[in-house]
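Below are the chains, spelled out letter by letter.
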Amino acid sequence: MGAPSALPLLLLFACCWAPGGANLSQDDSQPWTSDETVVAGGTVVLKCQVKDHEDSSLQWSNPAQQTLYFGEKRALRDNRIQLVRSTPHELSISISNVALADEGEYTCSIFTMPVRTAKSLVTVLGIPQKPVISGYKSSLREKDTTTLNCQSSGSKPAAQLTWRKGDQELHGEPTRIQEDPNGKTFTVSSSVTFQVTREDDGADIVCSVNHESLKGADRSTSQRIEVLYTPTAKIRPDPPHPREGQKLLLHCEGRGNPLPQQYLWEKEGSVPPLKMTQDSALIFPFLNKSDSGTYRCTATSNMGSYKAYYTLNVNDPSPVPSSSSTYHAIIGGIVAFIVFLLLILLIFLGHYLIRHKGTYLTHEAKGSDDAPDADTAIINAEGGQSGGDDKKEYFI
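Here the structure is a predicted model, which is why all the values come from computation and not from measurement.

Conventions we followed
- Residues numbered from 1 in each chain as written.
- Predicted model: local features only at pLDDT ≥ 70, side-chain atom pairs only at ≥ 80, totals over all residues.
- Heavy atoms only, no water.
- Helix = DSSP H or I, 4+ residues; strand = E, 2+ residues; numbered from the N terminus.
- Buried < 20%, exposed > 50% of the residue type's maximum accessible area, 1.4 Å probe, protein only.
- Contact = heavy atoms within 4.5 Å.
- Areas by Shrake-Rupley, 256 points an atom, 1.4 Å probe, with all protein chains shown as cover.
- Salt bridge = Lys/Arg side-chain N within 4 Å of Asp/Glu carboxyl O.
- UniProt positions renumbered as here; feature names shortened; annotations may be inferred.
- Pairing = 2+ DSSP bridges.

> With reference to specific residues and values, describe the overall build of the protein chain.
Across its full length, the protein chain holds 3 helices and 25 strands. Taken over 396 residues, the protein chain has a buried fraction of 31%. Residue pairs in contact within the protein chain that sit at least 24 positions apart in sequence constitute 61% of those at least 6 positions apart. Total accessible area computed for the protein chain in this model is approximately 25500 Å², and 56% of it derives from carbon and sulfur atoms.

Below, the structure written as structure tokens:
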């Protein structure tokens, strides 16, 4: 009895499942969309598609359930909303100059039986404003500790702030987040505290805001700081290797912030001081051996003073070639080069003449061997005079 009683239950289940099966066969009439993210002020495109439209049109509605487009027909008078594409299988619209108020869930509907819908969540990113740095009031002294604050408003979601000094990263406090009065965007702030050194004079402290709406673009603000520090100095001779009889300048090159305003020159073992002036150079018009010794320059500013030392050794005088002697040396070199070329030319010419003269003498010698000598010429002449005489005498 148990098995036959199960048959009505199976038939009932099949009957109940048939409508469900009909719904499954109508999935092709279910539209589909996608979520979109857009930066405030940008343009977003909403695309709705369906495979089987069942002779019905697609429709887009905003989060307030106001119809935007029904097929190709505009329903809401908002010039920012434009039709991109309208076919039986697709309805695409665009919204330009998107505002934060446009954020929400948009609905695509198709009026079949029953009505089918698809949702598209539009997220609008709030662009953070350029950060503002505060806390720097005036020049800092070396080894002072200072605190700078940075703030940026209008980001959505909340942005992050970072600090750096030149190319060096500064570790500031974690970013603080506060909701703006509009209830949609946020104000973020951060602070950084550090001790300054003389190397920080003129350095730029940079606060940067990082946010996905910037797409990697830099949005930062810098604050240049001034650091006051005690002076330093170094003595530089001109010329570097002074000799007796030359003019010498000792330059006391001072550095600092502010720069040294006064220079005091002294020579060890002599009083009073040689010179006190705002000029940093000590001048020796004509060096003597007696000028040798150790010189001290004291560079002073309102931040302090610094002493630099230089030991002067006056060397023996040495002849310095004048411009005229240099000129004569150049002329002499040119003349020597010309003489050298003439000698080479004479050597080649002499070699050429010697070769051609030897050839001429050889040809002359051959010509003398072929000609008859005088005795033979006389014999031939006498033979000619004797006429028919058969007897001929030859004299050698």
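> Got a sec to walk through the pattern of salt bridges? Specific residues and values, please.
Oppositely charged side chains can pair when the atoms bearing their charge come close. Counting across every chain of the model gives 11 salt bridges. Salt-bridge contacts for Glu 142 lead to Arg 198; the nearest nitrogen and oxygen are separated by 3.1 Å. In this pair, Glu 142 sits in the loop between β11 (140-141) and β12 (145-155) while Arg 198 sits in the loop between β16 (186-195) and β17 (204-210), placing the two residues 56 residues apart along the sequence. Owing to a relative accessible area of 26%, Glu 142 belongs among the partly exposed residues under this scheme. By relative accessible area, which is 24% here, Arg 198 ends up partly exposed. Residue Asp 204 is joined to Arg 224 by a salt bridge in which the shortest nitrogen-to-oxygen separation is 2.9 Å. In this pair, Asp 204 sits in strand β17 while Arg 224 sits in strand β18 (residues 220-224), placing the two residues 20 residues apart along the sequence. Since its relative accessible area comes to 25%, Asp 204 is described here as partly exposed. Here the residues in one salt-bridge network are Asp 78, Arg 80 and Asp 102, joined through shared partners.

> Give me the lowdown on unusual backbone geometry, citing residues and values where you can.
Here the amide bond leading from Met 113 into Pro 114 is cis, since omega sits at 0°, within 30 degrees of zero. Within the element layout of this structure, Pro 114 appears in the loop between β8 (104-110) and β9 (116-125). Located in the positive-phi region is Asp 55, a residue other than glycine, with phi close to 60°. By the element assignment, Asp 55 lies in the loop between β2 (44-49) and β3 (58-61). With a phi angle near 50°, Asn 97 is a residue other than glycine that sits in the positive phi range. By the secondary structure assignment, Asn 97 is in the loop between β7 (90-95) and β8.

> Tell me about the UniProt feature "transmembrane region" (unreviewed entry) in the protein chain, and please be specific about residues and values.
UniProt marks residues 327-354 with the feature "transmembrane region" (unreviewed entry), using the numbering shown here. Along residues 327-354 one finds 100% helix and 0% strand; the C-alpha atoms at either end are 41 Å apart.

> An account of the pairing of strand β20 (residues 248-257) is requested, with residue identities and associated values reported.
Counted residue by residue, β20 has 7 buried out of 10 residues, so it is predominantly covered. Where strand β19 (residues 227-238) and β20 come together, 8 bridges link them in antiparallel fashion. Residue Pro 237 lies in a different strand from β20, and its bridge partner there is Leu 250. Here β20 pairs with strand β23 (residues 281-284) via 4 bridges, running antiparallel. Residue His 251 lies in a different strand from β23, and its bridge partner there is Ala 281.

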